[in-house]
Amino acid sequence: MAGKEPVIITDKEEMRKWTRTMRSLNHTIGFVPTMGYLHEGHLSLVQEAQKHTDLIVVSIYVNPGQFSPNEDLSTYPSDFQGDIQKLKSVANGVDVVFHPKNLYDYGNSEMGLIRSAERINEKENEGLKVLSCVEDKGMGHETWVRVENLEKGLCGKSRPVFFRGVATIVTKLFNIVEPDVAVFGKKDYQQWRIIQRMVRDLDFGIKVIGSDIVREHDGLAMSSRNVKLSPEDRQKALSISRALSKAKVEAGKGQVNCGELINSAIQIIDEADGRVDYAEVRTYIIIITFIWI
């Protein structure tokens, strides 16, 4: 059954005005940033936000700043109307869907485009040829938020522009939406920790909450990109949860050798014809990413 119809806002000044009006009426604002193509995992974030505030804003925005030009920005799945229906299915619904077209569009003056091109040339001359899609398109944006130590390693090894793009767009969204509480999924564990540290270090007046992973009935973590898996790869992907579960059981039985735990997890993924990007133990949490061969 369809529930509350959210207000759809596309303009950032209108979004900011809405929040400030609501706060003047003594409402608190919860915020769930997403890139759309919503699933039950996203809806669980909304439900978590509802526990902490009385009004909910969900953003739907595919952020070009966290994609390199060779990544899947152009093919990222999208179904805006389907997303609205899913949000309406949540008990008590959401109040606003913030759906901007381009948060890196500043009118693109000629001087901004010239400066952007100059910066790209500088990076190439310095040997730093990894650009985000924002820089690659010469959009004139040149301010980035970095969480310098936490963005290193793990996913940051193979995606060098990803976390600065995430930290920057979350900063922009926080400045536009001005929430009291923001909820992120722990599926993207490093991302969640980076946002927590950024909020602490930059004195944002926002409480950042991490919400537990939601999995399919067979153990696969819910993800918007799962729709891109072939049936064969969909079955192979189950090796991730099997690997994590086995490591958890072994640790529970007293295995404290991190190398043994990691090797055990990698073996399961190798047997499913996966190529591990990295597997590490961090504070008793095993984190794995992989690519199918």
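- Where an unreviewed UniProt entry is consulted, the protein chain appears under the name Pantoate--beta-alanine ligase isoform X2, with the organism given as Nicotiana tabacum.

**A few points about the environment of Met 35**
- Relative to the assigned elements, Met 35 resides in the loop between β2 (29-34) and α2 (40-50).
- Counting along the chain gives 41 residues from Met 35 to Tyr 76, while the straight-line C-alpha distance between them is 8.9 Å.
- Aside from chain neighbours lying at most four places away, what touches Met 35 is Ile 60, Tyr 61, Val 62, Asn 63, Gln 66, Phe 67 and Tyr 76.

**Section: the nonpolar core**
- In this structure, Met 15, Trp 18, Val 57, Phe 98, Phe 174, Ile 195 and Met 198 are the most contacted members of the largest nonpolar core, which totals 38 residues.
- Secondary-structure elements contributing two or more residues to this core are α1 (12-24), β2, β3 (55-60), β4 (96-98), α7 (162-177), β5 (181-185) and α8 (189-201).
- In terms of residue count, α7 provides more of this core than any other element does, ten residues in total.
- Setting aside its immediate chain neighbours within four residues, Met 15 contacts Ile 9, Val 57, Val 96, Phe 98, Ile 176 and Val 177.

**Topic: the sheet that holds β4**
- Ordered in space as β1-β4-β3-β2-β5-β6, the six strands form an open sheet in which the pairing is parallel. Each edge of the open sheet carries a strand with a single partner, namely β1 (7-9) and β6 (207-211). Taking the axes of each pair of neighbouring strands and ignoring which way they run, one obtains an average angle of 25° across the sheet.
- Of the strand pairs in this sheet, β3 and β4 are connected by three bridges, and their pairing is parallel.

**Description of the pairing of β3**
- In terms of burial, β3 is a largely internal element, six of the six residues being buried.
- Burial along β3 is two-sided: the face carrying Leu 55, Val 57 and Ser 59 and the face carrying Ile 56, Val 58 and Ile 60 are both buried.
- Relative to β3, β2 is paired through six bridges, and the arrangement is parallel. Each residue of the ladder has a partner; that of Phe 31, found in β3, is Val 57.
- Handedness of the crossover joining β2 and β3 through α2 is recorded here as right-handed.
- As a crossover connection, the stretch from β3 through helix α3 (residues 80-88) into β4 is right-handed.

Conventions adopted
Residues numbered from 1 in each chain as written. Predicted model: local features only at pLDDT ≥ 70, side-chain atom pairs only at ≥ 80, totals over all residues. Heavy atoms only, no water. Helix = DSSP H or I, 4+ residues; strand = E, 2+ residues; numbered from the N terminus. Contact = heavy atoms within 4.5 Å. Core = buried A, V, L, I, M, F, W, Y, C linked by side-chain atoms within 4.5 Å. Buried < 20%, exposed > 50% of the residue type's maximum accessible area, 1.4 Å probe, protein only. Pairing = 2+ DSSP bridges. Axes fitted to C-alpha atoms, helices over the stretch in contact; angles between N-to-C directions. Right-handed = clockwise from strand over helix to strand, strands pointing away.

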